[in-house]
Amino acid sequence: MDENIYRSREFLLDKGYRKMRCQDRTDMREALRGLSDTEKLCRRFEQAVADEKPVFYSYDEFGFNRYRARLPIISLDKDYPFFYHDESFGNITIDYETLLKKGLSGIRADAERLYDKADEEGKLFYFYIYRYFDACELIVKKYTEAAIKCGKERLAAALRRVPMEGAANYFEALVCIKFIHYALRLNACCHLTLGRFDQYIKPYFDVSVRGGMDKAEALYLTEAFFISLNYDGDLYQGIQQGDNGQSMVLGGCDENGKDALNEISEICLTASEELKLIDPKINLRVNKKTPLSLYERGTKLTKQGLGFPQYSNDDVVIGGLVSLGYDLKDARNYTVAACWEFIVPRCGADIPNIEGGMNFPLVIRNVMLADLTACKTFSDFRAKVREAILKECEKKVGEDNAIPFHDEPFISAFVQPCIAKGREINHYGAKYNNYGIHGVGIANGADAMEAVRIAVYKDGFVTKEELIYAIEQDFKGYENLQKKLLSLPKMGNNIDSVDEQAAFLMDAFADGLNGKMNNRGGIYRAGTGSAMEYLRAAKNVGATADGRNAGTPYSSSFSPSLTAKLNGPFSAIQSFTKYDLKKIINGGPFTMEIHDTVFRNHEGEKKVAMLVKTFIDFGGHQLQLNSVNRATLLDAQKHPEKYPNLVVRVWGWSGYFNELSQEYQDHVIARTEFRC
Amino acid sequence: MTGKIFSIEEFSTYDGPGIRTTVFMKGCPLSCSWCHNPEGQSFETQYIRSPNGCLKCGKCEYAGKRIGETIILTEKSAGACPRGLVRVCGIEYTSRQLADRLNMNAEILRTWGGGVTFSGGEPLCAIDFISETVKFLKKGISVCFQTSGFSSAEVFEKALSVSDFILYDLKLMDNDEFRKFCGADNLCILHNYKILAKSGVPFVTRIPLIPNVTDTEKNLKAIARFMYDNEVNYAELLPYNKYAGGKYRGLLRDYNPGFDESLPVCARKDIFERYHVIIKIM
């Protein structure tokens, strides 16, 4: 690691700079009264730009750091959903290719060319693009002057071109990306992904290599860029700190299906390994032909305890996206949203995590309470559950289609073919406008189904009425029954009968969403992720037949329930790869916690790599692997001061353990309880 | 035939080549004072309490069996624990049941040149059960023993005949010392080691480093010399794990290893080098 990188990393981890930010906040509510929401948002951006002053941190190559911690206060007319009220549209991979090639001026020129022929709506959209881009130019000007003043010649030179013009080398491309993240975030976009960085940056990287950039310089610039992505990460938090969307996808195939892993992928892995910072969050695209050596490289990163790389399997994902209707070229180009949802860069404006999710344990519980007594056979019960899942899908579609969105002209400028069409993303401007719905508590749901099958129908050790009463009472007075239920076969132990229950639930979910249209002309996609719902949704769900107590969490995403006694990783992998995951490809990883002592030498690392490759070769879609030590986590809860930089994977993202609220800390610890 | 097993661990990474499943057989003729699997010592089924999440309510002990001053956790203790933390330790498997369980992972084990490791306890005590289990295993699953070598030569040769790999402990060369810390004679162990060295079955010698017990210059020298005499040139040193005592409380036993746990261990590479033995510290 370069000396300057080392120092700037220390500076970052000290976090003292966060206190230096200006806490003033302009109140625009009065001034904006009576204007449209689109106008209010644009004015907020213009005001935010006016309020900002250039900020450079120690050894900072890039600038574009927030001066003011918070954006001006505005009040919107409509009650937009939580995600899109305080936040703007995000969680997509913008068209970095076009931005880097044409710059803002080039994109604006396209809009200008189309302006005269555009309809009213198109004209309004272009008009806002000019406004946003003008404001961008102001920031660039401020930074150019400041860079000259501070003697940052390299940055000053770069800013003469980017972001207004296209980039001419690696450094300029990095500056341009850093700028666009800063600018979109000044427009309240909190989840902004980095997409296939090693692909779209390659032409500029190659120019620099031809111009004499050596390996050390390339690594230096990449590491400096990674550090700069971390400065303001705390300001863009979603549910908890760290949930800021800066995921980066490396490797995979190109549009023609050829392996596209390159030297930049390698440099990014090295940078991430050396820096041990939570951003960017690395995703590795792999397939059956991926050599063990790449997994070994990934395992070295896992060893750092950051909870990434997350792996996704091209063999499953690409086919899954194609069967949902994505063009093959787009599918081959897939990226990962803030957490794990598979999205298409450049031309996708999917919302892969639309409000809530399919809460399997709740649906099953409700069917039990309402219909179990009338079900003569287990098949009758299954039919009722399927019916309920289909109905729940209808309901979710209805609810989601009623969600209002405000216009998003700024980010739409970077999504194809919005400009060509003269429509921003919430007016069908993008090529893809699909919604994704999470499948929450799949393992708990499958376990509950299996428990009903065995306890009520097969072995009959409890009557329907008694079981219903027991879950209504949260097993109070039925502790022995609960223990018996907990000891029944659970998903994760490679037992066909339980795994088949999960397949049944996922089929019903996928079928329920199949053919449903959303209010933006797109479709619905079923997934295996839970996001924060493993805690939030589980909180209000009473006891379930798998033996789970009322209010206690589900497992996160696609993994065995927290109370399941597990045989181990081999069985778990086989359980979770039986289903044809192409059918439920919105995303949501199988999660595995491995004790950190396994990684203590190269032999152990290699064996973990074998395990990961096994999961992929067996047809797993996505894997999140964590190196954890329960004792360390417990100690960190007691003595946070000893572990300022302890990082854990929370769900789709990694965060500093100390910055998580206790319920999230507890869940991370609970996940380790029955694991190897 | 049946065997008593106290744990089956998938993805064990330090018990032989490739990725493996380790089967822990219950019962051991030795009683090493530093044993970190005390639940594997007795041949009887036992109950053990996990400390994670224990409410310290005492219900398990109240439900247990009293023999004079000592309390033993029983099946009733398992039923009494409100959090289900008392688990049975020692389940009878038929050789067919065990093989079926292991065969479920055959594809994974085979792919990476891995297989099954029989550990314990002392797997040699269950040689007939293991031999029969091995017959039922799918082709391509390698078989490994992790053993103290404490058995008759006849039993040991039986084990060799079904093994693809052996992990063999050499703890203490001096018989009096061995008797003091491990509770038996080491003569058969040394004898079986000679058989092993000549057998052609690939193996690794493992030496636990116990402070002031096995890591003394005298003992390490004797081990190195013994290896040299048997033309063995590689060994793995396993430094004492300070958490070894953790499980004893779970069996309501005190941990009195008879040496000072806090002392650092001496991994004397130089001694082994003198006898042309390459070592790796694990």
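Note that this is a predicted model, so its numbers are computed, not measured.

**Brief notes about the overall build of chain A**
Here comes step 1: A count of helices and strands for chain A gives 27 helices and twelve strands.
Here comes step 2: The C-alpha atoms of chain A give a radius of gyration of 25 Å, which matches the 26 Å a tight globule of 676 residues would have.
Here comes step 3: The principal-axis extent of the C-alpha atoms belonging to chain A is close to 80 × 60 × 50 Å.
Here comes step 4: The buried share of chain A, reckoned over its 676 residues, is 64%.
Here comes step 5: The contacts of chain A with a sequence gap of at least 6 include a subset with a gap of at least 24, amounting to 78%.
Here comes step 6: Charged side chains of chain A number 87 positive and 93 negative; the gap between the two group centres comes to 1 Å.

**A look at the interface of chain B and chain A**
It is common to report an interface's size as the accessible area lost on association of the parts.
Here comes step 1: Between chain B and chain A, the residue contacts involve 25 residues of the former and 26 residues of the latter.
Here comes step 2: Both faces considered, chain B and chain A share a buried interface measuring about 2,200 Å² in area, 58% of it formed by carbon and sulfur atoms.
Here comes step 3: At the junction of chain B with chain A, the criterion picks out one salt bridge.
Here comes step 4: The tally of links from chain B across to chain A stands at 15 residue pairs in polar contact (both at pLDDT 80 or more).
Here comes step 5: Mapped onto the side of chain B that touches chain A, the elements with two or more residues apiece are β1 (2-12), β2 (20-25), α2 (75-80) and α4 (106-111) of chain B.

**Overview of the side chain of D474 of chain A**
Residues and elements named next belong to chain A.
Here comes step 1: Note on placement: D474 falls in the loop between α20 (464-472) and α21 (479-486).
Here comes step 2: We note that D474 is buried and unpaired, the nearest opposite charge coming from K476 at a distance of 4.1 Å.
Here comes step 3: A polar contact is formed between the side chain of D474 and the side chain of N549, at a distance of 2.9 Å.

**With respect to helix α4 (residues 96-115) of chain A**
Residue and element names in this part refer to chain A.
Here comes step 1: Between its first and last C-alpha atoms α4 spans 23 Å; for 20 residues at 1.5 Å apiece the expected length is 28 Å, and the helix comes up short by more than 12%.
Here comes step 2: At G103, α4 shows its maximal kink, close to 95°.
Here comes step 3: Of all the residues in α4, the buried ones are Y96, T98, L99, L100, G103, L104, G106, I107, R108, D110 and A111.
Here comes step 4: For α4, the secondary structure elements touched by its buried residues are α5 (120-149), α7 (170-186), α8 (197-200), α9 (202-210) and α18 (418-421).

**Thoughts on the pattern of salt bridges**
Here comes step 1: For the structure shown, the criterion picks out 61 salt bridges over all chains.
Here comes step 2: A salt bridge links R386 of chain A to D511 of chain A; the nearest nitrogen and oxygen atoms lie 3.0 Å apart. Separated by 125 residues along the polypeptide, R386 of chain A in helix α16 (residues 378-401) and D511 of chain A in helix α22 (residues 496-513) bring together distant segments of the chain.
Here comes step 3: According to the relative accessible area criterion, D511 of chain A is partly exposed, its value standing at 38%.
Here comes step 4: Its salt-bridge partner being K158 of chain B, residue D128 of chain B comes within 2.9 Å of it at the nearest N-O pair. With D128 of chain B in helix α5 (residues 127-136) and K158 of chain B in helix α6 (residues 153-162), this residue pair connects regions lying 30 residues apart in the sequence.
Here comes step 5: Among the residues examined, D128 of chain B registers a relative accessible area of 38% and is labelled partly exposed.
Here comes step 6: Look at the salt bridges and you will find they share partners, linking R18, R21, D232 and D234 of chain A into a network.

**Remarks on the sheet that holds strand β7 (residues 91-94) of chain B**
All names here are of chain B.
Here comes step 1: Pairing in this open sheet of nine strands is mixed, and the strands run β7-β1-β2-β8-β9-β10-β11-β12-β13 from one edge to the other. Each edge of the sheet is formed by a strand with only one pairing partner; in this case those strands are β7 and β13 (278-281). Taken over all neighbouring pairs, the strand axes of this sheet differ in orientation by 30° on average, direction set aside.
Here comes step 2: Two strands pair when backbone bridges link them, and strand β11 (residues 203-209) and strand β12 (residues 234-239) are joined in this way by five bridges, in the parallel orientation.

**Topic: the sheet that holds strand β1 (residues 247-251) of chain A**
Residue and element names in this part refer to chain A.
Here comes step 1: Taken in spatial order, the five strands of this open sheet run β1-β2-β3-β10-β9, and their pairing is mixed. Of all strands in the sheet, those bounded by a partner on one side alone are β1 and β9 (590-595). In this sheet, adjacent strand axes meet at a mean angle of 25° when their direction is disregarded.
Here comes step 2: Helix α11 (residues 263-275) contacts β1 and β2 (281-286) of the sheet and is inclined by roughly 130° relative to β1.
Here comes step 3: In this fold helix α13 (residues 314-323) packs onto β2 and β3 (310-313), with an angle of close to 60° to the strand it touches most, β3.

**So, the nonpolar core**
Here comes step 1: Membership of the largest hydrophobic core comes to 279 residues, with the highest contact counts inside it found for F197, I201, F381, I389, F414 and F509 of chain A together with W34 of chain B.
Here comes step 2: If you look at the next biggest cluster of nonpolar residues, it comprises 19 residues, including Y534, A538, L633 and V668 of chain A.

**Considering the domain arrangement of chain A**
Residues and elements named next belong to chain A.
Here comes step 1: By domain assignment, chain A separates into domain 1 (1-77 + 95-191), domain 2 (193-332 + 589-676) and domain 3 (341-564 + 580-588).
Here comes step 2: Computed over C-alpha atoms, the centres of domain 1 and domain 3 are 39 Å apart.
Here comes step 3: Contacts between the two partners involve 28 residues from domain 1 and, on the opposite side, 19 residues from domain 3.
Here comes step 4: For the domain 1 and domain 3 pair, buried surface summed over both sides reaches about 1,900 Å², with 70% attributable to carbon and sulfur atoms.
Here comes step 5: Looking only at domain 1, the three residues that lose the most surface to domain 3 are D95, E121 and F125, adding up to 31% of its buried area.
Here comes step 6: Across the domain 1-domain 3 interface, the total number found is four salt bridges.
Here comes step 7: For the pair domain 1 and domain 3, the number of links is ten residue pairs in polar contact (both at pLDDT 80 or more).
Here comes step 8: Every element with two or more residues in the side of domain 1 that touches domain 3 is listed here: α2 (37-51), α4, α5 and α7.
Here comes step 9: For the side of domain 1 that touches domain 3, the element with the most residues is α5, which contributes nine residues.

**Some words on the packing of aromatic side chains**
Each aromatic ring pair is specified by the distance between its two centres and by the angle formed by the two planes.
All names here are of chain A.
Here comes step 1: Within this structure, the stated rule accounts for 49 aromatic pairs over all chains.
Here comes step 2: Residues F64 and F179 carry aromatic rings whose centres are separated by 5.3 Å and whose planes lie at 75° to one another, so their mutual orientation is edge-to-face. Of the two residues, F64 sits in the loop between α2 and α3 (82-85) while F179 sits in helix α7, which places them 115 residues apart along the sequence. With respect to class, F64 is no different from F179; both count as buried.
Here comes step 3: Considering the side-chain rings of F197 and F225, the 5.7 Å spacing of their centres and the 10° angle between planes classify their relative orientation as stacked. Of this pair, F197 sits in helix α8 while F225 sits in helix α10 (residues 215-231), placing them 28 residues apart in sequence. For the pair F197 and F225, a shared accessibility class is recorded, and that class is buried.
Here comes step 4: Here the basic side chain of K484 rests over the ring of F461, its NZ or CZ set 4.6 Å away from the ring centre.
Here comes step 5: Across the ring face of F405, the terminal group of R520 is positioned such that the distance to the ring centre comes to 5.7 Å.

**Some thoughts on the pairing of β3 of chain A**
All names here are of chain A.
Here comes step 1: Residues Q310 and S312 point to one face of β3 and Y311 and N313 to the other, with burial holding for every one of them.
Here comes step 2: Sheet topology places β2 next to β3; four bridges connect them, and they run parallel. Bridging across to β3, R285 finds its partner in S312.
Here comes step 3: Read as a crossover between parallel neighbours, the route from β2 over helix α12 (residues 292-303) to β3 is right-handed.

**Examining unusual backbone geometry**
Here comes step 1: Backbone torsion omega between V162 of chain A and P163 of chain A reads 0°, so that peptide bond is classified as cis.
Here comes step 2: As for its position among the elements, P163 of chain A is in the loop between α6 (153-159) and α7.
Here comes step 3: With an omega dihedral of -10°, the bond running from D279 of chain A to P280 of chain A counts as a cis peptide bond.
Here comes step 4: As for its placement among the helices and strands, P280 of chain A is situated in the loop between α11 and β2.
Here comes step 5: Here the phi dihedral of F11 of chain B falls at roughly 60°; this positive angle occurs in a residue that is not glycine.

The rules behind these values
- Residues numbered from 1 in each chain as written.
- Chains lettered and ligands numbered in written order.
- Predicted model: local features only at pLDDT ≥ 70, side-chain atom pairs only at ≥ 80, totals over all residues.
- Heavy atoms only, no water.
- Helix = DSSP H or I, 4+ residues; strand = E, 2+ residues; numbered from the N terminus.
- Rg over C-alpha atoms; globule rule 2.2 N^0.38 Å.
- Buried < 20%, exposed > 50% of the residue type's maximum accessible area, 1.4 Å probe, protein only.
- Contact = heavy atoms within 4.5 Å.
- Lys, Arg positive; Asp, Glu negative; His and termini not counted.
- Charge placed at Lys NZ, Arg CZ, Asp CG, Glu CD.
- Buried area = accessible area lost by both parts, 1.4 Å probe.
- Salt bridge = Lys/Arg side-chain N within 4 Å of Asp/Glu carboxyl O.
- Polar contact = N/O pair within 3.5 Å; in protein donor to acceptor, adjacent residues only side chain to side chain.
- Expected span 1.5 Å × (residues − 1).
- Bend = angle between axes of the 7 residues up to and from the residue.
- Pairing = 2+ DSSP bridges.
- Axes fitted to C-alpha atoms, helices over the stretch in contact; angles between N-to-C directions.
- Core = buried A, V, L, I, M, F, W, Y, C linked by side-chain atoms within 4.5 Å.
- Domains from an automatic or database assignment.
- Phe/Tyr/Trp six-rings, centres within 6.5 Å; stacked < 30°, edge-to-face > 60°.
- Lys NZ or Arg CZ within 6 Å of the ring centre and 35° of its normal.
- Right-handed = clockwise from strand over helix to strand, strands pointing away.

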